Amino acid sequence: MSTVSPSSVAVDGGKDIAKIRHQDEAQKELDAGALFVLKSKGPNWGRYYVGPIQFMVCYGAVVGGVLLGGQCMKAIYLLSHPDGTMKLYEFVIIFGCLILILAQIPSFHSLRHINMIALALCLTYSACATAGSIYVGNSSKGPNKDYSILGDNESRVFGMFNAIGIIATTFGNGIIPEIQATIAPPVKGKMFKGLCFCYAVLGVTFFSVAISGYWAFGNQSEGLILGNFLDDGKPLVPKWFLFMTNFLVILQQSAIAAVYLQPTNEVLEKTFADPLSKEFSLRNVIPRIISRSLSVIIATFVAAMLPFFGGINSVLGAFGFIPLDFILPVVFFNLTFKPSKSSPIFWLNLSIAVVFSAIGVIAAIAAARQMGLDAKNYQLFANV
C-alpha cells in the first residue's frame, strides 16, 4: 500500500541543508526519521549507501508490483479458460505494457489522486481476501487444515528469518512518510500523523489477511492468498468474487508501480534532461520516454524471469527496509544528538542497531538461499 511516496529529495539530496545543521534549536525538534534524512544527505552516506538502498527499495517495489499484477491477470484468465495455455510471463509482459503507459505521467504531483484511489483499493481487496478466507474456512470445500511447520530444523530457521524480511518489507512503508515529512515544516506533526495512518492501515490489512488466510489454509497458504481460492482450477468462492478481487489488485498494483517509479524517473531525467529547455520540448520528451520505457522494460524482464513474489519481498526487507527502518535511524540519532555514553538512550539505540544488524545479515542469507532454491526448483521464466 502507498499513500505517499519517496521523492527525489530523499534520493538525490535535494536542497542545501547547511542552515538546518546550524540551527540547534530547530534540530532538537526533529525526531529520528527527520534526522535520518538529514544525515543521509551527506556526501558519503547519501551517495554511496542510503541513496542506493532507497533506489533499490523503490525499484524492487516496481518489480514486485509488475509480478503481482501478472499473477492476478493469470488468475482471471484461468477462471475464464481453465484449459488455457498462456504462461505467467506472458501476463507479466502484458501488465508491464500497462505500466509502460502509466510511467509517462510527468511527475509524482500528477499521481496524488491515484494514491488515494490505491488506498481505497488496498482496503477493499484486503477485506475481500479476508472474507474469502473465512468463507472457505467455514465451508466443506476448504482443504484439511494442517498447522504444523514443514521442513527440517535448518529450513525452519531460515524460513523464520526469510519471513522477517517479508514482514520488514510490509511494514517498511513507514519510512516513506518519515522521508516525505522532511520536505516542509512542521516535521514532527506531519511525520507522526503519517506514521499513525500508515501503520493503522498496514495493521488492519496485513493481520486480517494473514490470520484469516492461515486459519483457512494452514501451512498450504500461498504467498498470494488469492491463489488458494482455486483448487485444481476450481474456484472455492464464487467466480464473480474472484474476478472482482483480482481486478482490484490489478488496479492497485498499477498505481503502486507508477508511484514507485518516480524516484527512478527523476534520477534518469536529471541525467539526460536539459534544465534549460521546456518540460514538454522534444529535447526533454524524447529522453524521458526512452529512459522511462527502458526502466519499465527492465523491471518487467526481471519480474518475468524470477516470478517469486515472496522471495522478492524478502530480499527487499533484508537488504533495504531493515537497514533503513531499524539500523540507520538509531545510528544517526546517536551521531546527531551525541547522547552521553552513560545514558540509557545511547545503549538502547546501540543495542537496537547491533541486534537488527545481526537479524539483517541472517535475513539476507535466508533470502538469498530461498531465491536460490526457487530458481533451482522452478527454472527461469517459470509458470508458477
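Our structure's up above, just so we're on the same page.
Residues numbered from 1 in each chain as written. Predicted model: local features only at pLDDT ≥ 70, side-chain atom pairs only at ≥ 80, totals over all residues. Heavy atoms only, no water.

> Could you give an account of the overall build of the chain, with specific residues and numbers?
In terms of regular secondary structure, the chain is built from 15 helices and two strands. Looking at the 384 residues of the chain, the share that counts as buried comes to 47%. Summarising the internal contacts of the chain: among those between residues at least 6 apart in sequence, 77% fall at separations of at least 24. Accessible area for the chain stands at about 19100 Å²; split by element, carbon and sulfur atoms hold 68% of it. (Helix = DSSP H or I, 4+ residues; strand = E, 2+ residues; numbered from the N terminus. Buried < 20%, exposed > 50% of the residue type's maximum accessible area, 1.4 Å probe, protein only. Contact = heavy atoms within 4.5 Å. Areas by Shrake-Rupley, 256 points an atom, 1.4 Å probe, with all protein chains shown as cover.)

> Please set out the pattern of salt bridges residue by residue, giving values where relevant.
In this structure the tally under the stated criterion is one salt bridge. A salt bridge links arginine 369 to glutamate 154; the shortest N-O distance between them is 3.9 Å. One end of the pair, arginine 369, is in helix α15 (residues 344-378); the other, glutamate 154, is in helix α8 (residues 153-171), and 215 residues separate them in sequence. (Salt bridge = Lys/Arg side-chain N within 4 Å of Asp/Glu carboxyl O.)

> I'd like a description of the packing of aromatic side chains, backed by residues and values.
As enumerated under the stated definition, the model contains nine aromatic pairs in all. Ring plane angle 15° and centroid distance 6.4 Å describe the contact between phenylalanine 55 and tyrosine 59, whose orientation is recorded as stacked. Of this pair, phenylalanine 55 and tyrosine 59 both sit in helix α5 (residues 45-80), four residues apart, which is roughly one turn of the helix. Assessed through its relative accessible area of 16%, tyrosine 59 is described here as buried. Seen from their ring centres, tryptophan 240 and phenylalanine 241 are 5.9 Å apart, and the 85° between their planes marks the pair as edge-to-face. Against the face of tryptophan 215 rests lysine 145, its NZ or CZ located 4.8 Å from the ring centre. (Phe/Tyr/Trp six-rings, centres within 6.5 Å; stacked < 30°, edge-to-face > 60°. Lys NZ or Arg CZ within 6 Å of the ring centre and 35° of its normal.)

> Before we move on, can you summarise α8 with the specific residues and values?
The end-to-end C-alpha distance of α8 is 27 Å, a good match for the 27 Å that 19 residues give at a rise of 1.5 Å each. If you check which residues of α8 are buried, you get Phe161, Asn162, Gly165, Ala168, Thr169 and Phe171. (Expected span 1.5 Å × (residues − 1).)

> Pulling in residues and values, what's your account of the packing of α8 against helix α14 (residues 309-337)?
The contact between α8 and α14 brings their axes to 7 Å, and the two run at 70°. Judged by the angle between their axes, α8 and α14 are roughly perpendicular. Here α8 runs over α14; the crossing is left-handed. Each of Asn162, Ile164, Gly165, Ile166, Ala168, Thr169 and Phe171 in α8 lies in contact with α14, whose residues at this interface are Gly310, Asn313, Ser314, Leu316, Gly317, Ala318, Phe321, Ile322 and Asp325. (Axes fitted to C-alpha atoms, helices over the stretch in contact; angles between N-to-C directions. Parallel < 35°, antiparallel > 145°, perpendicular 65-115°, else oblique. Left-handed = near helix turned anticlockwise from the far one by under 90°.)

> Report on the nonpolar core, specifying residues and quantitative values.
One finds Val62, Val66, Leu67, Val92, Ile99, Phe217 and Phe229 to be the most contacted residues of the largest nonpolar core, which totals 48 residues. Going through the elements one at a time, α5, α6 (88-102), α7 (112-138), α10 (187-217), α11 (239-260), α13 (282-305) and α14 are the ones with two or more residues in this core. With 13 residues, α5 is the largest single contributor of residues to this core. Ile53, Val57, Val330 and Ala363 belong to the second largest nonpolar core, which has 18 residues in total. (Core = buried A, V, L, I, M, F, W, Y, C linked by side-chain atoms within 4.5 Å.)

> Now, about the packing of helix α12 (residues 262-272) against α13: what can you tell me, with residues and values included?
Contact geometry of α12 with α13 gives a least axis separation of 10 Å together with a crossing angle of 135°. The orientation of α12 relative to α13 falls into the category oblique. The handedness of the crossing between α12 and α13 comes out as right-handed. Here Thr264, Asn265, Leu268, Glu269 and Phe272 of α12 lie close against α13, whose contacting residues are Arg283, Pro287, Arg288, Ser291, Arg292 and Ser295. For the contact of α12 with α13, the residue count by class is three nonpolar, four polar and four charged. (Nonpolar A, V, L, I, M, F, W, Y, C, P; charged D, E, K, R; others polar.)

> Account for α14, with residues named and values stated.
End to end, α14 covers 40 Å across 29 residues, agreeing with the expected 42 Å (1.5 Å per residue, within 8%). At proline 323, α14 shows its strongest bend, of approximately 50°. Immediately beyond the C-terminal end of α14, within one or two residues, lies lysine 338, with a positive phi of roughly 50°. (Bend = angle between axes of the 7 residues up to and from the residue.)

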